[in-house]
There are 2 protein chains.
Amino acid sequence: MASQTKPVLHGYYRSSCSWRVRIAFALKGMEYDQVPVNLVRDGGQQLTTRFKALNPMQQVPAVTIDGFTLSQSLAIIQYIEETRPEPHLLPSEPKTRAQVRMICDIIASGIQPLQNLYVLLKIGEEKIHWGQHFIQRGFEALEPILVQTAGKYCVGNEISMADLCLVPQVYNAERFKVDVTQFPTIKRLNETLLQHEAFKTSHPSCQPDTPDDMPI
Amino acid sequence: MASQTKPVLHGYYRSSCSWRVRIAFALKGMEYDQVPVNLVRDGGQQLTTRFKALNPMQQVPAVTIDGFTLSQSLAIIQYIEETRPEPHLLPSEPKTRAQVRMICDIIASGIQPLQNLYVLLKIGEEKIHWGQHFIQRGFEALEPILVQTAGKYCVGNEISMADLCLVPQVYNAERFKVDVTQFPTIKRLNETLLQHEAFKTSHPSCQPDTPDDMPI
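Cut-offs applied
Residues numbered from 1 in each chain as written. Chains lettered and ligands numbered in written order. Predicted model: local features only at pLDDT ≥ 70, side-chain atom pairs only at ≥ 80, totals over all residues. Heavy atoms only, no water. Domains from an automatic or database assignment. Buried area = accessible area lost by both parts, 1.4 Å probe. Salt bridge = Lys/Arg side-chain N within 4 Å of Asp/Glu carboxyl O. Polar contact = N/O pair within 3.5 Å; in protein donor to acceptor, adjacent residues only side chain to side chain. Least-squares fit on C-alpha atoms with pLDDT ≥ 70 in both. Contact = heavy atoms within 4.5 Å. Core = buried A, V, L, I, M, F, W, Y, C linked by side-chain atoms within 4.5 Å. Buried < 20%, exposed > 50% of the residue type's maximum accessible area, 1.4 Å probe, protein only. Helix = DSSP H or I, 4+ residues; strand = E, 2+ residues; numbered from the N terminus. Nonpolar A, V, L, I, M, F, W, Y, C, P; charged D, E, K, R; others polar. Axes fitted to C-alpha atoms, helices over the stretch in contact; angles between N-to-C directions. Parallel < 35°, antiparallel > 145°, perpendicular 65-115°, else oblique. Left-handed = near helix turned anticlockwise from the far one by under 90°.

All names here are of chain A. Each assigned domain of chain A is listed with its residue range as follows: domain 1 (2-87) and domain 2 (94-199). Here domain 1 and domain 2 have C-alpha centroids that lie 20 Å from each other. Between domain 1 and domain 2 the total buried area reaches about 1,700 Å² when both faces are included, carbon and sulfur atoms providing 70% of it. Of all residues in domain 1, Arg14, Trp19 and Arg20 give up the largest surface area on contact with domain 2, accounting jointly for 33% of the area buried on that side. Across the contact surface, domain 1 and domain 2 share zero salt bridges. Inspection of the domain 1/domain 2 interface yields two residue pairs in polar contact (both at pLDDT 80 or more).

So, in structure tokens, the structure goes:
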């Protein structure tokens, strides 16, 4: 049955890493089911034994696809890319691919991890300042890189994995009250990408688990 | 001239991300030059204008290769893999490749970023406890995953990118006084890999910039 073969995304509407995966599914035109994992309700549904079996890191997203379960958004997206190549999310030329991956990793290893819930819980009441500090630092590095690589999108004129990382990170930046107007290239790319259907339908504001009174 | 075509690694002997790249060069049998960037001397040589032009994130490693400069260790290693495929550091089967990337990203996005120097400087005197906490948390997740995926190495019986991430992270764990005997699979894999020539020659204890009185 088709319903058995659809991937299942275990995610959370405003997790930036879950959003990356939703954009990938949308760009690839893949149908999928969503199982919401509410990171704050019930003390955190990612902490249950059931979810821990899917992802021992107790983080979203986790995706069940093709009979196995994967965690880590970039590993998930690259698996989708390698098994459903069209449209490509990585360019074919090795140096350009490397630039895409570098931008992804600056965000996925250099910026986003410092805003993970389990880190913010450890920081406590300073968490807004903490998050702001590391997003500001990261964007100060990312802006001059994007000035070099960007065309219409982060790397040239084709949407790539880098764009899937950028837009959710800008969304996080706004949550942490970082002034994105300091970074004109980041701001311009984000605005362009938010006009794209795949980024609109995957947006945190319109997911099955988005609350009616969604906080920004 | 051959010397002009050798890659240049801008790194630091005990940076775990620099070590990942050194292992890749060693496994691929690639000659390279090292330009040490001392993260503590002179207030941090990664903060100079000259280094910032190589990597605006002001982190090591950065690698100049084939006429361009890349940062982010996993982007560097995948570029090397795509341009110098032998011996492979990623398996050919998509699900197994995805497992390798998942393990890499658990370490590179979920564990290591919390021990970056610029994070520890923000934490201050609690830094050892902080680092310990996040390595312990990460290894508690990684151990059951490796129980499922490991053969002789992290994923099956071939060395992969996952092994390049694991060994430097265990080295960090020891620096932060995490008791690795709690994690028998991690401990066993690390011991096996440390016997391998590529992991020995790339070890922090024997680099051009390793001080005679190296702290552990």
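Moving on to the relation of the copies chain A and chain B. What connects the two chain copies is a rotation about an axis and a shift along it. Mapping chain A onto chain B calls for a screw motion: a turn of 180° about the axis and a shift of 0.0 Å along it, with 0.0 Å RMSD after fitting. Interpreted geometrically, this transformation is the action of a two-fold axis. Measuring from the rotation axis to each C-alpha of chain A, the shortest distance belongs to Ser109 of chain A, at 2.2 Å. In this assembly, 100% of the residues forming the interface of chain A have copies in chain B that are likewise at the interface, indicating an isologous arrangement.

Ranked by size, the top nonpolar core spans 131 residues in total, and within it Trp130 and Leu142 of chain A together with Trp130 and Leu142 of chain B carry the most contacts. Excluding anything up to four places from it in sequence, Trp130 of chain A contacts Leu114, Val119, Leu120 and Ile123 of chain A together with Val119, Lys122, Ile123 and Trp130 of chain B.

So, about the environment of Gln99 of chain B. Locating Gln99 of chain B in the fold gives a position in helix 5 (residues 94-111). C-alpha of Gln99 of chain B to C-alpha of Pro85 of chain B: the two residues are 14 residues apart in sequence and 19 Å apart in space. Those residues in contact with Gln99 of chain B, other than ones at most four positions away along the chain, are Leu70 of chain A together with Thr149 and Val155 of chain B.

What follows covers the interface of chain A and chain B. Across the boundary between the two partners, chain A contributes 41 residues, which contact 41 residues of chain B. Here chain A meets chain B over a buried area of about 3,900 Å², counting both sides, of which 65% is carbon and sulfur. Broken down residue by residue, the surface that chain A buries against chain B is led by Met57, Lys122 and Arg137 of chain A, which jointly contribute 16%. The interface formed by chain A and chain B holds four salt bridges in total. Across the pair Glu82 of chain B and Arg97 of chain A runs a salt bridge, and its minimum N-O distance is 2.8 Å. When residues of the side of chain A that touches chain B are traced back to their parent elements, those giving at least two are strand 4 (68-71), helix 4 (73-83), helix 5 (94-111), helix 6 (117-123) and helix 7 (127-149) of chain A. Among the residues forming the side of chain A that touches chain B, the class breakdown is 22 nonpolar, eleven polar and eight charged.

So, about the pattern of salt bridges. One pass over the full model with this rule turns up 14 salt bridges over all chains. Across the pair Glu81 of chain A and Lys28 of chain A runs a salt bridge whose closest N-O atoms are separated by 2.6 Å. Residue Glu81 of chain A is found in helix 4, and its partner Lys28 of chain A is found in helix 2 (residues 16-28); the two are separated by 53 residues along the sequence. You'll find Glu81 of chain A and Lys28 of chain A in the same group, each marked buried. For the salt bridge of Glu82 of chain A with Arg101 of chain B, the shortest nitrogen-to-oxygen distance reads 3.1 Å. Highlighted residues: Glu82 of chain A in helix 4 and Arg101 of chain B in helix 5, drawn from two different chains. Look at Glu82 of chain A and you get partly exposed, because its relative accessible area is 30%. Of the residues examined, Arg101 of chain B reaches a relative accessible area of 3% and is grouped as buried.

The next point concerns the packing of helix 5 of chain A against helix 8 (residues 161-175) of chain A. Pairs of packed helices are described in terms of their axes, by the angle between the two and the distance that separates them. Residue and element names in this part refer to chain A. It is at 8 Å that the axes of helix 5 and helix 8 come closest, and there the two elements cross at 30°. Classified by the interaxial angle, the pair formed by helix 5 and helix 8 is roughly parallel. As for the relative orientation of helix 5 and helix 8, their crossing is left-handed in sense. Residues Val100, Ile103, Cys104, Ile107 and Ile111 of helix 5 touch helix 8, and the partners they reach there are Met161, Ala162, Cys165, Leu166 and Gln169. Grouping the constituent residues of the contact of helix 5 with helix 8 by class yields nine nonpolar, one polar and no charged.

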